[in-house]
Structures are given as C-alpha cells and as structure tokens.
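# Overview (structure and organization)
Take a look at the letters that make up each chain.
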There are 2 protein chains.
Amino acid sequence: MALIVHKYGGTSMGSTDRIAQVAKRVAKWTRAGHQIVVVPSAMSGETNRLLGLAKELAPARQTAEYLRELDMLASTGEQVSVGLLAIALQAEGVAAVSYAGWQVPIRTDNAYTKARIDSIDDRKVRADLNAGKVVIITGFQGIDGAGNITTLGRGGSDTSAVAVAAALKADECLIFTDVDGVYTTDPRVVPEARRLHTVSFEEMLEMASLGSKVLQIRSVEFAGKYKVPLRVLSSFTPWDIDIAEEAKSGTLITFEEDEKMEQAIVSGIAFNRDEAKISVLGVPDLPGIAFQILGAVADANIEVDVIIQNVSRDGKADFSFTVHHNDYARALDLLKDKVLPALGGQANVVGDPRICKVSIVGIGMRSHVGVASKMFRALSEEGINIQMITTSEIKTSVVIDEKYMELAVRTLHRAFDLEQPGA
Amino acid sequence: MALIVHKYGGTSMGSTDRIAQVAKRVAKWTRAGHQIVVVPSAMSGETNRLLGLAKELAPARQTAEYLRELDMLASTGEQVSVGLLAIALQAEGVAAVSYAGWQVPIRTDNAYTKARIDSIDDRKVRADLNAGKVVIITGFQGIDGAGNITTLGRGGSDTSAVAVAAALKADECLIFTDVDGVYTTDPRVVPEARRLHTVSFEEMLEMASLGSKVLQIRSVEFAGKYKVPLRVLSSFTPWDIDIAEEAKSGTLITFEEDEKMEQAIVSGIAFNRDEAKISVLGVPDLPGIAFQILGAVADANIEVDVIIQNVSRDGKADFSFTVHHNDYARALDLLKDKVLPALGGQANVVGDPRICKVSIVGIGMRSHVGVASKMFRALSEEGINIQMITTSEIKTSVVIDEKYMELAVRTLHRAFDLEQPGA
C-alpha cells in the first residue's frame, strides 16, 4: 500500500465524461489498496472564462484590492472540479471528500494571483485517508494569514499537487496530463522525438523553463526541494489499463543521478520562439552599465531571459538580451527614450524580433567535453548562423534566426542520436 | 447616514452588463453617504448549470457525503458574483471587498443544501464599513462547525441578506429583484393587479408560502423575528433614478399594524397549481389514524400542504391532503401498497392531480366577519365548485378544479375591490 497523489489537468477534467473517466481511474488505484489524494485543475477553459468576465467589467490593474478579487473569482474553477470529482467517485462506490485550499488549509503568502505556499496542514487529509477516503483538494490556491483566498498563478495546480505530496511524504506524485510524458523534443517538430523514461530533476528544470510546457517549473523546483518522486503520464489511456503498466508509464523525474537508466549526454532539445533580441551597442565599459540598462527594463516590469555582454573593444562593450515578444516594442522605446540619453548619446540600440532560442539539455554534459562544440558544428554544417550563445552546467542555448528553428532542432536531435532508444 | 443591506437576485446579476449597473446603483447609494453591504445571488442560470453537471455524473442521493459536495459545487456561483461585483465597484472608484460566507463567517448547522443560519460574526464587516468600504457577501451559504461549506437552499440569498441586516442592525434591507414589488395577485392572471405600497409581515408570509414567489419565505420569517425593515423593489429601473424616489419605491414589509396605510380587508390573492389532491376515504375514526397515514408519507420525505379531516360518519372518516405534483405518484403508490393494508382493507384511496389552490390573504380578515362567505359566494356565482376549504387567521384557501384557476383569481380580485388603490 502506498500513498499516492494524482494530479489531473484541465483537459483531463474538461467535461463530465472526462471527470467520470478520472473517477474510474482513481477508483482503480484505490481498489488496488493505495491511499489516494487527487488534485484536479479547473475544467479546461473555465479559468479563462472567469477572468474574461472580470476583464469585461474593468481593465486589469495591479492593486492588491483588485488582485484579491481576481483570486476570489478564479479559485471557484477548481472548487467546481473537486465537488464534481467527489460526486463521480461516490457514484463509483468510493468514499471521497473534497476540500478547497483554505479548508486543508494550504497556507500561502498574500501575493494575490502568484502566491507562494508557506505550509500545508496534513492532519485533516491524513485522518480522511486513514478513514478509507479519497481526498480531493483544489489545485492552484490557498489561504493567506488574514483568511483571504490566494491563487498560485497559471499552472499552479502542478505546484499544489507536489506540495501536497511533500507535506504527506507521499510515495509518488503522478501528474496526469494530455501528453504521455517528456520527450527529447517537440514531436510536432521532430517526428522521431522519443519519450524519456526518466529525466533528471535538473534537466526537467531546464527543459520546463525553455519551453517544454509539460510541467509548471515551480512544481519541479518544489519536487526537487522535497525529493518528491514525480511522474508525468497520460490521462488519455483507457482508465482500465493494467495498473502495474500504468505505474511505469510516462516519464519519471528522478533526483538521484545513479538511478538514471538512460546515460545520454544530451537528454533533449528545447526551443522557444516567443522572444525578441535587443542589443545596446557601443556602451562605455564602466562599472554599473549592466545595471543602468537592465535596471530600467526591470523597473518597467519587463522580464529578461538571455543576457550577454561581450568583452570590450576600445573601451566600448556590446550588451544584448532577449525579452518576450509582447514586451519588445515597449523595451525598445524605453531604451531609446530613457537609457540612451543617460549613456551620453554614444551608444546605439538595435533589435530583432525574428529570433528563436534552441537549447540542448543534458545532465551528461557535466562530465563530457566537446558537447557545445558538437552543437555548433552541427548547426554550421546546415549553414545556420549563431547570433548569441549562453551556457549553464547542463545546457547550451543559442539564439538564431527564427526561420531556422525547425531545421536546427531536427539537426541537433539527429546529431545527438536522440531518436535511438537508450542512446 | 444609514446602514443599508442591498440584495440583488440572479437576473439582476445575470451578465457583466447587469453587474456593472448594480455597481453604479450601489455607488450612488454610497455617494449619498450610506454604508452599504451587498448580498448578490449567483448569475442567473449558474446554479442550475452547476447542479446539472452534478446530475450528469450521478443520480441525486440523500447521503450527507453527497449533499456536502453539492454545496461545495453550488456555493461557487455566488463567489463568482461577489468577486465580479467588487471588481465592478472598484472600477467605479468605490472601495469594495468581497467575502464568501465562510470568511465572515456566517455560521450554520450542517444540514447540507438546506442549512439554517446559527450566527453571523459582524466584526470584519463592521471594520470594513467603518473603513469606508462597500462589503459584498455571498448569499445562499455559510460554514458549519466543522469547517464545511453549507448552502441554505433555493432562494437562500434572500435569507442571507436579511440575516446579515439583522446581525448588523441595519436600518433597512432592500431586496432588488426583477419585479417592482408585491402585487395584489399575479398581473399575468389579473392585468388590474395593483402593487401594494406596504404589506404586513404576516400577509407576506402567507402570500410567499402560497406561491407569490417574490421573496423566500424563510427570509420573511427572519425579518419578522429580528424586525428588519424589508423592502422589495426593482433592479430594472435606471440605476441613476433619484435616490429619494428609489428609497420609497417597491413594497415595504411592515411589522406594526398601525403603520399600515392600506386598510383593505383582503390584501392579495395567492394561488398555486403545483399540487395534487389525495383522499383516503372510509378510514376508521380512531385515534392515531392521521398519524398512521401522514407518518408514512413524511417518512418517505414527501411534503404535505393542506390537510383536512372531515367529521366522521358511521365511525368512518375521510382524510384528504395535497402534495406537490412531483410526489403525487409516489404518494399514491405508498398509500395503496403500505398504508391501506395496515388499515385493514376497508378504506379506499383516490387522487386528483388536476387541482389548484386559491387563497385570499389579509390581515383585515382578523377583525371582519363574513370574508370567507363572500369568497365562497363569488366563486359559486361563477359556477366554481369548491373541493376543499382550509382557513387560518388571515387567509382562507380553497382547492378547486385546476381549469378554473384564472377565473377564480380574477373573480376574487374583483370581489374584494383589489384593483382600487387604497381600497
């Protein structure tokens, strides 16, 4: 008998038919003798519907008063889900009880719409589990110190599930979703992309942040911090597939390198075409310049991803960074209107919104030399020019012309033999 | 400056456009210097949509576990409403904060789907009012002693509003709805029906229970118990109508007879065609017979309205009662299968689903003789046969053939001069 947390995403909860399937799947796990906690998302489309109503009434603002009400509103989506799932489980003859985050309680700070979990009281849940009940807990939300409802931000249900698993010291946290695991890259770009049976926590972090949108990155951080074994698997298999088979399906995110079965140097190719590049050329190479440029950008609430500063030449340096497409025009204006004048008029700003970022990710890179140069060679053989390079211990990213993205991903997938099982 | 509770029904909250109108109306009252608490219902159709989802998953049952989940589900409708209304008020430049019932808290018993309010903690609300905020509280729901969400049953938002008004000792509770007050009878049946400027609490109780569905009856009981001045008025007037005019519009439900401005003997004609008649004929006229018959019916959770037992003849009595149409077939079966055999096979059961109940209601009946006979004469002059009669201090009801309902209501409305203002 194990204590297992199941998380079901919005698509898995997308209709009463789908919810009935989830109930049958959970019932199967219960009948196999396991204690099950379920953390469902809102029915797909519901959160957007609710926030859309708010937008019809007033433009979005950043006041705490406004954001508090958004959380009152948005948190109802998951409450509907837990009530419906409890009803469906009871109809299956399984004792089940649902809780909103505030009932557990899941305590958070008071940063409305992007709260962070402080603690989870496991007493109520554990008592119900010991009484033979399935416990269903709203994802995405909690309660702050003053008794207000908070939400964790988009994708927060993954984080809720992992946090609940950590609090209960669950044996495993299963993230049921509409994909059947983590792939070496996006199969829509590379049909030969292969599902990974295991992936390390660190690799998963790099892949999630680089655009493999299987898991919310905060949930992976949480899983890493509390060593919660995490498995991503499909909720679109028939609910009655053999439980032993299901328990081994999908992709397991591991925390111990020794356990890694696949000793590939590179585990996957991530990519992202949502970014634009901005360069400030010929800035004086003086202390504080990076802050002068990026401080202004950060003050305008613009998030920056890749940041590169070249070595200086003639006392001048070139400074480049990438921002989300949505912030591109605003960032350019800001630099031209505010930052350049402060730099004394010698520097120059250029931008390019048609870029993409392609990254190779692999824990094996730590102990293998020449991985980056193999990447650069493969790209150059295809005539793909590299505009920016940035590296970390387990990934190397390049910024290239957007039009080469698919070619680059396919090329790298082949160059690192990712289509070969166990390579 | 007064402390006023506004309650808005589902139609008034039916769309973001309507919610924006409610916000403007509340803002007008706030700017006139009043402290305002708003209790809105769920957006029209939302509660049915949610309960419909539950029905798609499982047949309704009466277990506490199931009903608890229905309340988790249904309570979200009002939570959406309060969040949206707070956002709309903030967009009007009015400070506003919303609370779910559990946050106030509104404490109830644990009778899920039909809970009763035990107490309301007014501290949080009062602090917000004193800080200049409009406080918006979910109707229809509260929290039980164990921290579970409960709902008060259909129309429970009226009760919530009155209970909040009682707890805050509000100066008045305004029930904004899609009708502009309480009428002498349904204007769809009698076009000459007239709005009452005032109606006594007792009359309102009789009219609400008899089918004039303007206010939930429990809210009227609550208002009577705590002497909360209650006004029913329209939310479909332009929001910017003069506040002094609005404050006098609709129908005021009074608690002091002396204040009654309209000294009519009969205030209104109520009617109900949702009932069916069942008669048990020739039962032995012995102690315990009524209990033997109605006890079985009550045990089957069937609600009974009119109950009549005639004087006995030859040691046999006839016993009749009415039930809701939905329970008619079940009640008949129950009597034939269970009760008749126990009565020794001498009695006989007959039923008629095609009946209606028509009532005259008026506090003036207390001090006027001959009111009932005037009713019977008016009906007989139209050739309407009376099947059952039941009376209380301030109403007289008759059960007649369903097909005569409109004719009876029109006839009585005219017979008691209800189309005449101040008659």
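Now for a description of the structure that goes with this document. (Residues numbered from 1 in each chain as written. Chains lettered and ligands numbered in written order. Predicted model: local features only at pLDDT ≥ 70, side-chain atom pairs only at ≥ 80, totals over all residues. Heavy atoms only, no water.)

### Observations regarding the overall build of chain A
Counting its secondary structure elements, chain A contains 13 helices and 20 strands. Relative to the compact-globule value of 22 Å for 423 residues, chain A shows a C-alpha radius of gyration of 24 Å, a close match. Projected onto the principal axes, the alpha-carbon positions of chain A cover approximately 75 × 55 × 30 Å. A separation threshold of at least 6 residues defines the contact pool for chain A, and within that pool the share at least 24 residues apart is 75%. Surface exposure of chain A reaches about 17500 Å², of which carbon and sulfur atoms provide 49%. Each charge class in chain A can be summarised by its mean position, and for the 45 positive and 54 negative side chains these summaries are 2 Å apart. (Helix = DSSP H or I, 4+ residues; strand = E, 2+ residues; numbered from the N terminus. Rg over C-alpha atoms; globule rule 2.2 N^0.38 Å. Contact = heavy atoms within 4.5 Å. Areas by Shrake-Rupley, 256 points an atom, 1.4 Å probe, with all protein chains shown as cover. Lys, Arg positive; Asp, Glu negative; His and termini not counted. Charge placed at Lys NZ, Arg CZ, Asp CG, Glu CD.)

### Points about the relation of the copies chain B and chain A
Expressed as a screw transformation, the operator carrying chain B onto chain A has a rotation angle of 179° and an axial translation of 0.2 Å, and the superposed copies differ by an RMSD of 0.4 Å. Taken together, the rotation and translation relating the two chain copies correspond to the operation of a two-fold axis. Scanning chain B for the C-alpha nearest the rotation axis identifies Thr 76 of chain B, at a separation of 2.9 Å. Interface overlap between copies: 100% of the residues of chain B at the interface are likewise at the interface in chain A, consistent with a symmetric, same-surface contact. (Least-squares fit on C-alpha atoms with pLDDT ≥ 70 in both.)

### Details of the environment of Ile 253 of chain B
Residue and element names in this part refer to chain B. Within the element layout of this structure, Ile 253 appears in strand β12 (residues 251-254). Given a relative accessible area of 2%, Ile 253 falls into the buried group. Separated by 56 residues in the primary sequence, Ile 253 and His 197 have C-alpha atoms spaced 8.7 Å apart. (Buried < 20%, exposed > 50% of the residue type's maximum accessible area, 1.4 Å probe, protein only.)

### Some thoughts on the interface of chain B and chain A
Taken residue by residue, the interface counts 45 residues in chain B and 45 residues in chain A. Here chain B meets chain A over a buried area of about 3400 Å², counting both sides, of which 65% is carbon and sulfur. On the chain B side of the interface with chain A, the three residues burying the most area are Leu 57, Gln 79 and Ile 87 of chain B, jointly 20% of the side's total. Along the contact surface separating chain B from chain A lie two salt bridges. A salt bridge links Glu 46 of chain B to Arg 49 of chain A; the nearest nitrogen and oxygen atoms lie 3.8 Å apart. For the pair chain B and chain A, the interface holds 17 residue pairs in polar contact (both at pLDDT 80 or more). Of all elements in the fold, only α1 (16-31), α2 (46-57), α3 (64-74), α4 (76-91) and β3 (96-99) of chain B reach the threshold of two or more residues within the side of chain B that touches chain A. Looking at the side of chain B that touches chain A, the element that brings in the most residues is α4 of chain B, giving eleven residues. Per-class residue counts for the side of chain B that touches chain A are 27 nonpolar, ten polar and eight charged. (Buried area = accessible area lost by both parts, 1.4 Å probe. Salt bridge = Lys/Arg side-chain N within 4 Å of Asp/Glu carboxyl O. Polar contact = N/O pair within 3.5 Å; in protein donor to acceptor, adjacent residues only side chain to side chain. Nonpolar A, V, L, I, M, F, W, Y, C, P; charged D, E, K, R; others polar.)

### Quick word on unusual backbone geometry
Here the bond from Val 104 of chain A into Pro 105 of chain A is cis, since omega is -15°, no more than 30 degrees from zero. Its location among the elements puts Pro 105 of chain A in the loop between β3 (96-99) and β4 (106-108). Its identity as a non-glycine residue notwithstanding, Asn 301 of chain A has a phi of 65°, on the positive side. Within the fold, Asn 301 of chain A resides in the loop between α10 (289-299) and β15 (304-309). Backbone geometry at Phe 140 of chain B places phi at a positive 80°, although glycine is not the residue there. With relative accessibility at 6%, the residue Phe 140 of chain B sits in the buried group.

### Observations regarding helix α13 (residues 405-415) of chain A
Met 405, Ala 408, Val 409, Thr 411, Leu 412 and His 413 of chain A are the residues of α13 of chain A that are buried. One or two steps after α13 of chain A, the chain reaches Asp 417 of chain A, where phi turns positive at roughly 55°.

### Considering the packing of aromatic side chains
This model, assessed by the stated rule, comprises seven aromatic pairs over all chains. Ring geometry for Tyr 8 of chain A versus Phe 176 of chain A: centroids 4.6 Å apart, planes at 10°, classification stacked. Here Phe 176 of chain A lies in strand β9 (residues 172-177) and Tyr 8 of chain A lies in strand β1 (residues 3-8), a separation of 168 residues in the sequence. Relative accessible area serves as the criterion here: at 0%, Tyr 8 of chain A is assigned to the buried category. Here Phe 176 of chain A falls in the buried class, since its relative accessible area comes to 0%. The ring of Phe 236 of chain B is capped by Arg 18 of chain B, whose NZ or CZ atom sits 3.8 Å from the centre of that ring. (Phe/Tyr/Trp six-rings, centres within 6.5 Å; stacked < 30°, edge-to-face > 60°. Lys NZ or Arg CZ within 6 Å of the ring centre and 35° of its normal.)

### Some words on the side chain of Thr 47 of chain B
Residue and element names in this part refer to chain B. Looking at the secondary structure, you find Thr 47 in helix α2. Owing to a relative accessible area of 13%, Thr 47 belongs among the buried residues under this scheme. Excluding anything up to four places from it in sequence, Thr 47 contacts Ala 42, Ala 74, Glu 78 and Arg 154.

### Looking at the pattern of salt bridges
Going through the model one piece at a time under the given rule, you end up with 36 salt bridges over all chains. A salt bridge links Glu 246 of chain A to Arg 25 of chain A; its shortest N-O distance comes to 2.3 Å. Within this pair, whereas Glu 246 of chain A is found in helix α9 (residues 243-247), its partner Arg 25 of chain A is found in helix α1 (residues 16-31), the two being separated by 221 residues in sequence. Using a relative accessible area of 0% as the deciding quantity, one classes Glu 246 of chain A as buried. Salt bridges sharing partners connect three or more residues here, namely Glu 46 and Arg 49 of chain A together with Glu 46 and Arg 49 of chain B.

### Let's talk about the sheet that holds strand β17 (residues 348-352) of chain B
Residue and element names in this part refer to chain B. What the four strands build is an open sheet, ordered β15-β16-β14-β17; its pairing is antiparallel. Unpaired on one side and paired on the other, β15 (304-309) and β17 mark the two borders of the sheet. Between one strand axis and the next, the sheet turns through 15° on average, direction left out of account. As paired elements, β15 and strand β16 (residues 316-324) share four bridges and run antiparallel to each other. When the bridges of β16 are listed, Ile 307 appears paired with Phe 321. Where helix α10 (residues 289-299) meets the sheet, it contacts β14 (275-284), β15 and β16, and its direction lies at approximately 25° from that of β16. Across the face of the sheet, helix α11 (residues 325-342) comes into contact with β14, β16 and β17 while running at roughly 15° to β14. (Pairing = 2+ DSSP bridges. Axes fitted to C-alpha atoms, helices over the stretch in contact; angles between N-to-C directions.)

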